[in-house]
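# Inside the fold
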There are 2 protein chains.
Amino acid sequence: MNERSRLIVIGGDAAGMSAASQARRLRGAEDLEILALERGHHTSYSACGIPYLVGGTVNSSDSLIARDPATFRRDFGIEVRTATEAEAIDPDRGTVTARTAGGPAVEEPFDALMIATGAVPVRPGLPGMDAPGVFGVQTLADGIAVRDVVDTGRVRTAVVVGGGYIGLEMAEAFVQRGIEVRLIEAASEPMTTLDPDMGRLVHDALLKMGVLVHTDEPVTGVETGPGGAARAVATDRAAYPADIVVLGLGVRPDSEMAGAAGIDVGPTGGIAVDARMRTSAEGVWAGGDCVQSLHRISQAPVAIALGTHANKQGRVAGTDIGGGYERFGGVLGTAISKVCGLEVARTGLNETEAERAGFEFATVALESTTRAGYYPGAELMTTKVLAERTSRRLLGAQIVGRENAAKRVDVLAAALWGAMSVDDVAGMDLGYAPPFSPVWDPVQIAARKLAETV
Amino acid sequence: MNERSRLIVIGGDAAGMSAASQARRLRGAEDLEILALERGHHTSYSACGIPYLVGGTVNSSDSLIARDPATFRRDFGIEVRTATEAEAIDPDRGTVTARTAGGPAVEEPFDALMIATGAVPVRPGLPGMDAPGVFGVQTLADGIAVRDVVDTGRVRTAVVVGGGYIGLEMAEAFVQRGIEVRLIEAASEPMTTLDPDMGRLVHDALLKMGVLVHTDEPVTGVETGPGGAARAVATDRAAYPADIVVLGLGVRPDSEMAGAAGIDVGPTGGIAVDARMRTSAEGVWAGGDCVQSLHRISQAPVAIALGTHANKQGRVAGTDIGGGYERFGGVLGTAISKVCGLEVARTGLNETEAERAGFEFATVALESTTRAGYYPGAELMTTKVLAERTSRRLLGAQIVGRENAAKRVDVLAAALWGAMSVDDVAGMDLGYAPPFSPVWDPVQIAARKLAETV
């Protein structure tokens, strides 16, 4: 009889615990020991739910946790060691050096290793960025900390630095808590994952909901008060008072430890993996925000931090570790967000990305209604689509609109996944009833228009 | 210089007027004369909006009309002759015999003919089916008539015969008007376009909203009162009092006149057309409810009456008539409906249809939530998916759920359009944010489960 082998997972969130759970489904506890090391105190939580916790839409941080360490132990036979930082990997010897709660460094042997270290928020090297009162919003602990500060009732003004998804959602959360919010963005429009013409629509909507928006205005630092805490955010134009500062400047893959261990890290800064989530080191897998993925449209590696990717990649890695067969099909960068009444979505390549990938393409942006025009609750939405010249293949799409607008991006994501053309999108047989859409769905109206010009 | 040629369109609704408008876009009035013959009084209206007119969600029948005859004349240079019945076609001579408002029969010459005669409601040859008080709900005139009767305030009980989309939507309309509604269906469950297990969910929801539902109960006739008007609906079990009776027994293609003219009619009863919507007769096109279409999954001809198909087919025909090039890609039978808080959708083949088409397949039906479980407003939805054994290709899908459930069928319709597998659906990069879906979209959870068993 074989000895039991041992899987170590570094990182107890989406990718790591998906991998652990899937490996367990395929290999019982008598065959595979699983140990997960998590530097924080929480496992498998919805990081995307943090803004709703701060805003008060969700009351308890517990409800954001899908499974806690006790559940993993009890129901899956997976040991989770929290407050435990992995410090080094030795792939050749098959060990991870880890330290629990400031205790001594311990060397843990593994037969299989899953690296799911996630991402680290970008913190520009500017004065005051690490001051108390300046928060990233990456972990549940960050979210709880921000909520605790807001709950004191002493926050009257908030500055959000960076106008991406997390920045916008945090701006909404502060608005809901009755706090004056200022959003500062270095680019010409917020939501730089959209093209500027679509970002402009988001900008207008933010202004309407009372957010003070500054664009083309790079932050130069955080000014601190007597106690050393953040007091204002400085830009090249002015200093804006802030009782709290939230950084929404994006994240980068946390791949340092892997790189130091000699595991290949790609040009994106993400760990290089194959379609089965195997790294360059034998017996070492990786997934989630710490890896780079193949973009299905540009065919280039990208590092896009999204929970959807992390969950799917974790599952694929777990299948492989468990002796099964599954491949990760790559990403489209489909993302979707709700900011007060506004819905924003994107998939595939935007104009900048399409240019960088060397595509010749045409675009159409078109306003339509979310329901039959005569049906109550019909709202406006703008759909932008990009298609390659000659092949007429869809390259990407963006949607900005009101209720029931954004999730339509999934149709375009499915079309991108299948390498379909604008003619396919215009011709496909989508569902219609007056409460749901006009007889030509907005995404089809846009595709039809693009088909005439591409 | 060539003489101006003449297009006659029979039928002034979706397919007919889409064809006329598209032909006009490609050929100016100096080149092409366009005459549309419409037996009713309305053009280009939303037949799918009729239940909302009756229920009071939509106030005026005018708001269901996209373009009236005056608009076609003024903005498109298209002449519409309403109250005009086409009686015969002579493809060889190139003439249509038509009669306006009971006047004399007039022979109208054409160079091109577009047949868009639509569908006729199925009226079983049973006693009393043509009595006053028994309504089909096919044309806007039908809808206005039903609304007028309801508006008298004298309708206390309504019986809807047939539990398809239109039957359900009419039941909702009557519920909204405070009328006691009885729905009588001959099959084992309502919504026979779904499998019975999914139809059962609709059945339960109808009961909860107070509709009296009878299944497995074929109607045997309509009983009439002293004045000859409908008084009750009789079945093999009982007679149910009814102040109004609505027939929702489906429709069949109105292809008689075309058949009489020697134009090929297919086994479905629909006019046979190619992908450019050309009939067997030179210079004669057809589209909409009167034709049969190629089902993309079964590869068999089907006659499915849907406005989405009609609009697309009309456009293709108009492009061809106008000298352009476009093909109609076939249908999936994607349909979607809302009945009070319940949403119902289907696409592709259901189990019965898949069996008839000779597929070996597996199915999964799975309950999930429409949003992240912790996000307010998360509702339950059941997704059923069918996939072919061996090829693992998706064959069809059905959804029954609450708010934000049904329109997800479009993702599956897109996957069907692209002949994708369950693995594609499970792996594709869909949008996620807590207000919109769980991190694995419900359609992906179902596909993933099916991928494990097919």
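Residues numbered from 1 in each chain as written. Chains lettered and ligands numbered in written order. Predicted model: local features only at pLDDT ≥ 70, side-chain atom pairs only at ≥ 80, totals over all residues. Heavy atoms only, no water.

Using the residue numbers shown here, the UniProt feature "domain: FAD/NAD(P)-binding" (unreviewed entry) corresponds to residues 6-305 of chain A. The span residues 6-305 of chain A is 23% helical and 28% strand by assignment, and the distance between its end C-alpha atoms comes to 28 Å. (UniProt positions renumbered as here; feature names shortened; annotations may be inferred. Helix = DSSP H or I, 4+ residues; strand = E, 2+ residues; numbered from the N terminus.)

Turning our attention to the state of the cysteines. What the rule picks out here adds up to 0 disulfides over all chains. Among the cysteines around C48(A), which has no disulfide bond, C290(A) carries the closest sulfur, lying 16 Å off. (Disulfide = S-S within 2.5 Å.)

Over its 12 residues, helix 12 (residues 442-453) of chain B runs 17 Å from end to end, which matches the ideal 16 Å to within 8%, given 1.5 Å per residue. The set of residues buried in helix 12 of chain B consists of P442(B), V443(B), Q444(B), I445(B), A446(B), A447(B), L450(B) and A451(B). Tucked into the core, helix 12 of chain B has its buried residues touching helix 8 (307-321) of chain A together with strand 23 (361-369), strand 24 (380-388), strand 25 (394-401), helix 10 (409-417) and helix 11 (422-427) of chain B. (Expected span 1.5 Å × (residues − 1). Buried < 20%, exposed > 50% of the residue type's maximum accessible area, 1.4 Å probe, protein only. Contact = heavy atoms within 4.5 Å.)

All names here are of chain A. Alternating residues of strand 7 (residues 112-115) divide into A112 and M114 and L113 and I115, and every residue in both groups is buried. In this sheet, strand 18 (residues 284-286) lies alongside strand 7 in parallel orientation, the contact comprising 3 bridges. Pairing of L113 across the sheet is with V284, part of strand 18. (Pairing = 2+ DSSP bridges.)

Let us now look at the interface of chain B and chain A. Interfaces are often described in size by the accessible area the parts lose on coming together. Contacts between the two partners involve 56 residues from chain B and, on the opposite side, 56 residues from chain A. Buried area between chain B and chain A, both sides added, is near 4800 Å², and the carbon and sulfur share of it is 65%. Looking only at chain B, the three residues that lose the most surface to chain A are Y374(B), D429(B) and F436(B), adding up to 16% of its buried area. Counting across the chain B and chain A interface gives 4 salt bridges. For the salt bridge of K407(A) with D441(B), the shortest nitrogen-to-oxygen distance reads 2.7 Å. For the side of chain B that touches chain A, the secondary structure elements donating two or more residues are helix 8 (307-321), strand 21 (335-339), helix 10, helix 11 and helix 12 of chain B. (Buried area = accessible area lost by both parts, 1.4 Å probe. Salt bridge = Lys/Arg side-chain N within 4 Å of Asp/Glu carboxyl O.)

Turning our eyes to something else, we now look at the packing of aromatic side chains. In total, this model carries 4 aromatic pairs over all chains according to the counting rule given. Seen in terms of ring centroids, Y52(A) and Y375(B) are 5.1 Å apart; in terms of plane orientation they differ by 90°. Their pairing is edge-to-face. In this pair, Y52(A) is assigned in helix 2 (residues 50-55) and Y375(B) in the loop between strand 23 and strand 24, connecting two distinct chains. With a relative accessible area of 3%, Y52(A) lands in the buried category. Note on Y375(B): relative accessible area 9%, which makes it buried. The residue whose ring lies beneath R296(A) is W417(A), and the NZ or CZ to ring-centre distance is 3.7 Å. Its end group placed over the ring of W440(A), K312(B) keeps NZ or CZ at 5.4 Å from the ring centre. (Phe/Tyr/Trp six-rings, centres within 6.5 Å; stacked < 30°, edge-to-face > 60°. Lys NZ or Arg CZ within 6 Å of the ring centre and 35° of its normal.)

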